[in-house]
Amino acid sequence: MNPYYELPQDEAGYSFGFLDEYAKREVRRNILKAICIPGYQTPYASREMPMGRGFGTGGLQLTLSLIGRGDTLKVIDQGADDSVNAVNLRHFIELTCPGVDTTERTQDATLIQSRHRFPEMRMTSAQTLVLQVPYPDPLVVVEPSEARRKIMHGEGDYSRLLTKLYEDIVHFDEITISHRYPTRINGHYVLDPSPIPRFDVPKLHQSPALILFGAGREKKIYAVPPYTNAEPLVFEDVPFRTEDFSDAQGRRRSCHRCGATDSFLDEFTNNDGERIYQCSDSDYCHQRLSTQHSAVNEASR
Amino acid sequence: MGYVAIKGGGIAIKGSLEAMEALRTAEGEQGVPLSLSAIENQLRLLTSRIVSEGGLYHPRLAALAIKQMQGDTLEAAFALRAYRSTKPRLLATPVQETNRMRVIRRISSAFKDIPGGQMLGATFDYALRLMRIDLADEAPDIFRGIAAKFMGETPTSALPETFSKVVDALRNEGLLPQDPARAIEPFDITREPLIFPIPRSAILASMARAETGSLLALAYSNMRGYGDVHPTIAELRVGYLPVFLPHPITGEEIEAGEVLITECEVVAMYENSDNKSKPVFTLGYGACFGHNETKAISMAILDRALQKGMKEGPANPSEDPEFVVLHIDGVDSMGFANHYKMPHYVTFQSDMDRLRTTQAKAEQKQGNEK
């Protein structure tokens, strides 16, 4: 060891988007390939990011490779912009991407990075949604070996996955897959839509916005291009069902803040032990509330 | 330092130990010896790991082991384990109630809103892993200033002494099995050999002092596809647990001190129940000395995987109690891996004899065929 070696104190600066230009170009190339083969898991050399693997490093690498000055970014975690992980990722992107705006309003964002949720508000063809993915392969529940899974995907052989669904029906009278519901894209590849609730799965179908999936730890990128068919795996006689938010009387529950009856709801127990429901998409809830307030103000004027 | 013959090895060993000691002090005359207090506090996660893998709650002694073993975690845990052998077992600790824990951090990934609230506490989870070059040459007064400032600004009230357990709430809702099976007499892995099949308490005890990396690797295999636990962390808590022991004369339980522990409870998908009762979630449990979150999570996942393996037969390595429990101990596995460095002259001589004889036979056979 050279005893005169000193840590380079002046090299602490980072380039735009943290990753070097070659890494970003590699990611963009893989994104193009993923778009060309809808639902296909494109392998890529995922880089180490300065946060834990599994905290959204895959989505982050896509976002950092795509974002440029003039873009407006929204980061969601479980529907909320203010949860610790979303705050942390947004802070990191602000730190390493000077000139990029961030927003909480879905309609103002050009790029949305999300964990576990689609925004409630319908996205447009001018927007891109990047989803963070923990497990890219829907076949992993029936086949642990990646080499064998690759062959099954190539042959479009999803029989074992269908058998699993069938066995669920035999055992429980219900398909027990709750989130990350396997979904067939453009008639061939079945993908794992990231752990979004079943509620969000229909939003993949014919989406005007480009949807990208990044799995950093598992080193895969895949995509659902705009206006592409996306069908959850089902049987003819057992239809796909989204989460049920009806109460005992069969009425759709509403958000206790904004009253929405069309949004995905989080369940809480308040201090009195009472169960309450609230929009998981905090931006949607806030926007609805502020429209209601301004309508009330308008009326009272 | 010739290492050829077994005879005369005493001189070689002496020289080797002197060389180790020379490397420990290699900073030279301007070097400052590491203080145990600095290791215990500034390398607190390393110390945590050693008290856990060493199976002895003595942070100061763990710091000494780290210093002596020059940072090798396996060797340091080994030294602490060996020291433990010199101490008698006076009594078996009764079951300690972790809801008495003085919590420094508790989170739930299952629920946004838990009774008492989420407490992020000290964690790297959301820290950016950017090199802080300023720490390379940290001025002592700034270092002390940070500590003083934090203590000065921390409110002393407002926090409850402890928090109720998240799983209790789930249990009350009927989402978890009512009576957690609890062994009346826990298995003491330090005094009894493991004869398979072993009870769950023996598995939990083995995992509590297992090597973190080994546990993580096996738990990770289960998470990635060689298994199907799909855990959700109902609660992960870190804090100081008051230890209650029976008084030697009265037998009444009294507080003997406290230990820093990490505890993790995972909720996993429900199983098909055999007895036609209502399906409920299943639980995995992990707890170990020190602040070792990765270890506690891995342990809880493996506990759940192993319960499945014991019930239905293992379908994956992480569900096989023999496979898991016999391969996770750092001191055991490191000792055996390193024993290959010992002379094997005799057995290898014997191997060569067999190979040469077989080669000769093969040549003879080929010669005959031509």
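Conventions used here
- Residues numbered from 1 in each chain as written.
- Chains lettered and ligands numbered in written order.
- Predicted model: local features only at pLDDT ≥ 70, side-chain atom pairs only at ≥ 80, totals over all residues.
- Heavy atoms only, no water.
- 1 Å grid on protein atoms, 1.4 Å probe; cavity = no way out; pocket = protein on both sides within 12 Å on 5 of 7 lines; lining within 4 Å.
- Points joined across faces, edges and corners; volume = space filled by probe spheres on them.
- Nonpolar A, V, L, I, M, F, W, Y, C, P; charged D, E, K, R; others polar.
- Pairing = 2+ DSSP bridges.
- Helix = DSSP H or I, 4+ residues; strand = E, 2+ residues; numbered from the N terminus.
- Axes fitted to C-alpha atoms, helices over the stretch in contact; angles between N-to-C directions.
- Core = buried A, V, L, I, M, F, W, Y, C linked by side-chain atoms within 4.5 Å.
- Buried < 20%, exposed > 50% of the residue type's maximum accessible area, 1.4 Å probe, protein only.
- Contact = heavy atoms within 4.5 Å.
- Parallel < 35°, antiparallel > 145°, perpendicular 65-115°, else oblique.
- Left-handed = near helix turned anticlockwise from the far one by under 90°.
- Buried area = accessible area lost by both parts, 1.4 Å probe.
- Salt bridge = Lys/Arg side-chain N within 4 Å of Asp/Glu carboxyl O.

Caption draft 1: Expanded view of empty space enclosed by the protein. Overall, the coordinates contain one cavity of 30 Å³ or more when judged by the stated rule. Each pocket or cavity is described by its volume, and for the largest cavity that value is around 50 Å³. Around the largest cavity, the lining residues are Tyr 135, Val 140 and Val 141 of chain A together with Asn 222, Met 223, Arg 224, Gly 225, Gly 227, Asp 228 and His 230 of chain B. Broken down by class, the residue content of the lining of the largest cavity amounts to four nonpolar, four polar and two charged.

Caption draft 2: Seen up close, the sheet that holds strand β4 (residues 282-289) of chain B. Residue and element names in this part refer to chain B. Strand order across the open sheet formed by four strands is β1-β2-β3-β4, with antiparallel pairing between neighbours. Bordering the open sheet on either side are β1 (102-107) and β4, each of which pairs with just one other strand. Neighbour-to-neighbour, the strand axes of the sheet open up by a mean angle of 25°, direction not taken into account. In this structure, strand β2 (residues 232-246) lies alongside strand β3 (residues 253-268), joined through 14 bridges in antiparallel fashion. Residue pairing for β3: Thr 232 is matched across the bridge by Val 267.

Caption draft 3: Geometry of the nonpolar core. Residue and element names in this part refer to chain A. In terms of nonpolar packing, the biggest core is built from 34 residues, with Phe 118, Leu 204, Ile 211 and Phe 213 touching the most fellow members. Elements that contribute at least two residues to this core include exactly β5 (128-132), α5 (159-172), β7 (190-191), β8 (210-215) and β9 (220-224). For Phe 118, the contacting residues outside a window of four places in its chain are Met 123, Leu 129, Leu 131, Ile 196, Asp 200, Lys 203, Leu 204 and Ile 211. Within the second largest apolar cluster, 29 residues are counted, among which are Val 27, Met 51, Cys 97 and Leu 210.

Caption draft 4: Quick look at unusual backbone geometry. In the segment running from Phe 196 of chain B into Pro 197 of chain B, the intervening peptide bond is cis, with an omega of 0°. Structurally, Pro 197 of chain B is set in the loop between α7 (166-172) and α8 (200-208). One non-glycine residue, Ser 194 of chain A, lies in the positive phi region at around 70°. Examined against the element boundaries, Ser 194 of chain A turns out to sit in the loop between β7 and β8. The phi dihedral of Gln 206 of chain A is positive, around 55°, even though this residue is not glycine. Turning to its location among the elements, Gln 206 of chain A is positioned in the loop between β7 and β8.

Caption draft 5: Region of interest: the packing of helix α9 (residues 212-224) of chain B against helix α10 (residues 293-312) of chain B. Residue and element names in this part refer to chain B. Running from N to C, α9 and α10 point in directions that differ by 50°, and their axes come no closer than 8 Å. One way to sum up the angle between α9 and α10 is to call them oblique. Every pair of crossing elements has a handedness; the one defined by α9 and α10 is left-handed. Here α9 contributes Thr 212, Leu 215, Leu 216, Leu 218, Ala 219, Asn 222 and Met 223 to the contact with α10, which in turn contributes Thr 294, Lys 295, Ser 298, Met 299, Ile 301, Leu 302 and Ala 305. Taken together, the residues of the contact of α9 with α10 break down into nine nonpolar, four polar and one charged.

Caption draft 6: Fine view of the interface of chain B and chain A. Each side of the interface is counted separately: chain B has 23 residues, and chain A has 31 residues. Roughly 2400 Å² of surface becomes buried between chain B and chain A when both sides are summed, with 59% attributable to carbon and sulfur atoms. The tally of links from chain B across to chain A stands at three salt bridges. Where Glu 173 of chain B meets Arg 275 of chain A, a salt bridge forms, and the shortest distance between an N and an O atom there is 3.1 Å.

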